[in-house]
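Notes for the structure review
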Amino acid sequence: MTTPCIICVAITGSVPTKANNPAVPITVQEQIESTHEAFEAGASICHAHVRNDDQTPTSDPERFARLKEGLEKHCPGMIVQFSTGGRSGAGKERGGMLPLRPDMASLTVGSNNFPTRVYENPPDLVDWLAGEMRTYDIKPEIEAFDLSHIFQAAKMNAEGKIPGQLYIQFVMGVKNAMPADRDVFDYYVHTVKRLAPDAQWCAAGIGRHQIEVNEWCIAAGGHTRTGLEDNVRLDREHLAPSNAALVKRTAELCEKYERPVASWRQAREILGLRLPAAA
C-alpha cells in the first residue's frame, strides 16, 4: 500500500491538564515547541485548541493568532487546523478565530452525548460555521461522532455548504458517543465510500483506544490522528512523554503496514490545500 498516510497531531484539546500529564502543552510557547517536535516526527496536521493561563479552554482569537504565527515560523508547511469545538466557547464565539484563515478547521455537523453533557451543534450554528469557512477559504475537517454526521456532511456537500472534497474524521471511544468497535469502523468507512466516493477519511481513538484506531486506519488505507488531546498515556503504566512520542508510535505503525508517512507537501496535495506563500 503506497498511499501516504497523513498523521494529525492533536496537541492540547480542551480537557487534559498538567495534572493529568505534565507534557500537555498549555501556553502558546509550549504548544509551538511541542508541535515542532511532532512535526519533525512526521505529523503534517496540527489540530489546535488554546487555553487560558489557568488551563481552562478558550476560543480567544488573540491566542490563536500567536499560535498560528509561531507554527508557521517553526513548522513551515505544516497544515494548521483550528478547533471550533463546543468546550471552548458558546455560539458564534466558537468561530471567532476563523478570520485568521487557518488552512483547516474542525466542524461537527450534529449534536451527540459526551460523558457528562450534551455536545450541542444546532443546525443554524453549523451552517454559520460552514459559511465562515467558505468565506475565509478554510477546509473543514468533519468530526463525526455519530453515523448521522456522515450523512449530514454528505448532504451539506451536495448542497454546496461544504464545497469540494470532504475530509471526514470518525471520533471513536468517547463515552456515550461512537464506540471504538472494529465492525462499526468498517461500516463507517463503507458509508463514506458509498456517500462520498472521492472523500478522504481518518479516525481518532480516545484514551486507550488511540493505538488500535491508529492501526485500523493505517491498515485500511486511511489517515489517522494521535496526540495528547485524545490520550495522555503510552500504556497503562507509562505517561506519554510528548506529542512527538505518540506521533513516532504512529509512524512505526505506518512502517509495519508499508505506508509512507505523508510529508506536509503530500498532505496538502491529498487534501487539496494551497501551498504556503513561502513554499
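Residues numbered from 1 in each chain as written. Predicted model: local features only at pLDDT ≥ 70, side-chain atom pairs only at ≥ 80, totals over all residues. Heavy atoms only, no water.

**A short note on the nonpolar core**
Core analysis: the biggest nonpolar cluster contains 62 residues, and Leu 98, Leu 107, Ile 142, Ile 168, Phe 170, Met 172 and Phe 185 have the highest contact counts within it. Beyond its immediate stretch of four places on either side in the chain, Ile 142 contacts Leu 107, Val 109, Ala 153, Ile 162, Leu 166, Tyr 167, Ile 168 and Gln 169. In this structure, Ile 79, Cys 202, Ala 267 and Ile 270 belong to the second largest nonpolar core, which totals 12 residues. (Core = buried A, V, L, I, M, F, W, Y, C linked by side-chain atoms within 4.5 Å. Buried < 20%, exposed > 50% of the residue type's maximum accessible area, 1.4 Å probe, protein only. Contact = heavy atoms within 4.5 Å.)

**Remarks on the pairing of strand β6 (residues 104-107)**
Residue alternation in β6 divides its side chains into two sets, Met 104 and Ser 106 and Ala 105 and Leu 107, and both sets are buried. Here β6 pairs with strand β9 (residues 139-144) via 4 bridges, running parallel. Bridge pairing in β9 places Leu 107 opposite Ile 142. (Helix = DSSP H or I, 4+ residues; strand = E, 2+ residues; numbered from the N terminus. Pairing = 2+ DSSP bridges.)

**Side note on the sheet that holds strand β5 (residues 79-82)**
One closed barrel holds the 8 strands; their spatial order is β1-β2-β5-β6-β9-β10-β11-β12, and the pairing between them is parallel. With strand direction ignored, the average angle separating the axes of adjacent strands in the sheet is 25°. Two elements, strand β11 (residues 200-205) and strand β12 (residues 223-226), share 3 bridges in a ladder whose sense is parallel. Note on β12: the bridge partner recorded for Ala 204 is Arg 225. Where helix α4 (residues 147-158) meets the sheet, its contacts fall on β9 and β10 (167-172), and the angle it forms with β9 comes to roughly 155°. The strands touched by helix α6 (residues 210-220) within the sheet are β10, β11 and β12, with β12 carrying the most contacts at an inclination of about 165°. (Axes fitted to C-alpha atoms, helices over the stretch in contact; angles between N-to-C directions.)

**Side note on helix α3 (residues 123-135)**
The first and last C-alpha atoms of α3 sit 18 Å apart over 13 residues, in line with the 18 Å expected at 1.5 Å per residue. Close packing links the buried residues of α3 with β6, β9 and α4. Directly beyond the C-terminal end of α3, a positive phi value near 55° is found at Asp 137. (Expected span 1.5 Å × (residues − 1).)

**Quick look at the pattern of salt bridges**
As enumerated under the stated definition, the model contains 15 salt bridges in all. Here Asp 186 ties to Arg 182 by a salt bridge, and the two come within 2.9 Å at their closest N and O atoms. Remark: Arg 182 and Asp 186 occur in helix α5 (residues 182-195); sequence separation between them is 4 residues, near one turn of the helix. Overall, Asp 186 belongs to the partly exposed group, its relative accessible area being 36%. Notably, a salt bridge pairs Lys 256 with Glu 215, separated by 2.7 Å at the nearest N-O pair. (Salt bridge = Lys/Arg side-chain N within 4 Å of Asp/Glu carboxyl O.)

**Notes on helix α8 (residues 264-271)**
When we look at burial in α8, the residues that qualify are Trp 264, Ala 267, Arg 268, Ile 270 and Leu 271. Within α8, the buried residues cover an arc of 160° as seen down the axis, which keeps them to one side. Of the residues flanking the end of α8, it is Gly 272, one or two places downstream, whose phi is positive at about 70°. (Arc of directions from axis to C-beta.)

**Things to note about the environment of Leu 147**
Mapping Leu 147 onto the fold places it in helix α4. The exposure class assigned to Leu 147 is partly exposed, which follows from its relative accessible area of 27%. Residues Leu 147 and Met 104, spaced 43 residues apart in sequence, show a C-alpha to C-alpha distance of 22 Å. Ignoring any residue separated from it by four or fewer positions in sequence, one finds Leu 147 in contact with Tyr 187, Tyr 188 and Thr 191.

**Brief notes about the packing of α4 against α5**
Viewed as axis vectors pointing N to C, α4 and α5 meet at an angle of 15°, and their least axial separation amounts to 10 Å. As summarised for this structure, α4 and α5 are arranged roughly parallel, according to the angle between their axes. When the axes of α4 and α5 are compared, the crossing they make is right-handed. Between α4, through Leu 147, Ile 150, Phe 151 and Ala 154, and α5, the contact on the second element is made entirely by Tyr 187, Tyr 188, Thr 191, Val 192, Arg 194 and Leu 195. Among the residues making up the contact of α4 with α5, the classes are represented as 8 nonpolar, 1 polar and 1 charged. (Parallel < 35°, antiparallel > 145°, perpendicular 65-115°, else oblique. Left-handed = near helix turned anticlockwise from the far one by under 90°. Nonpolar A, V, L, I, M, F, W, Y, C, P; charged D, E, K, R; others polar.)

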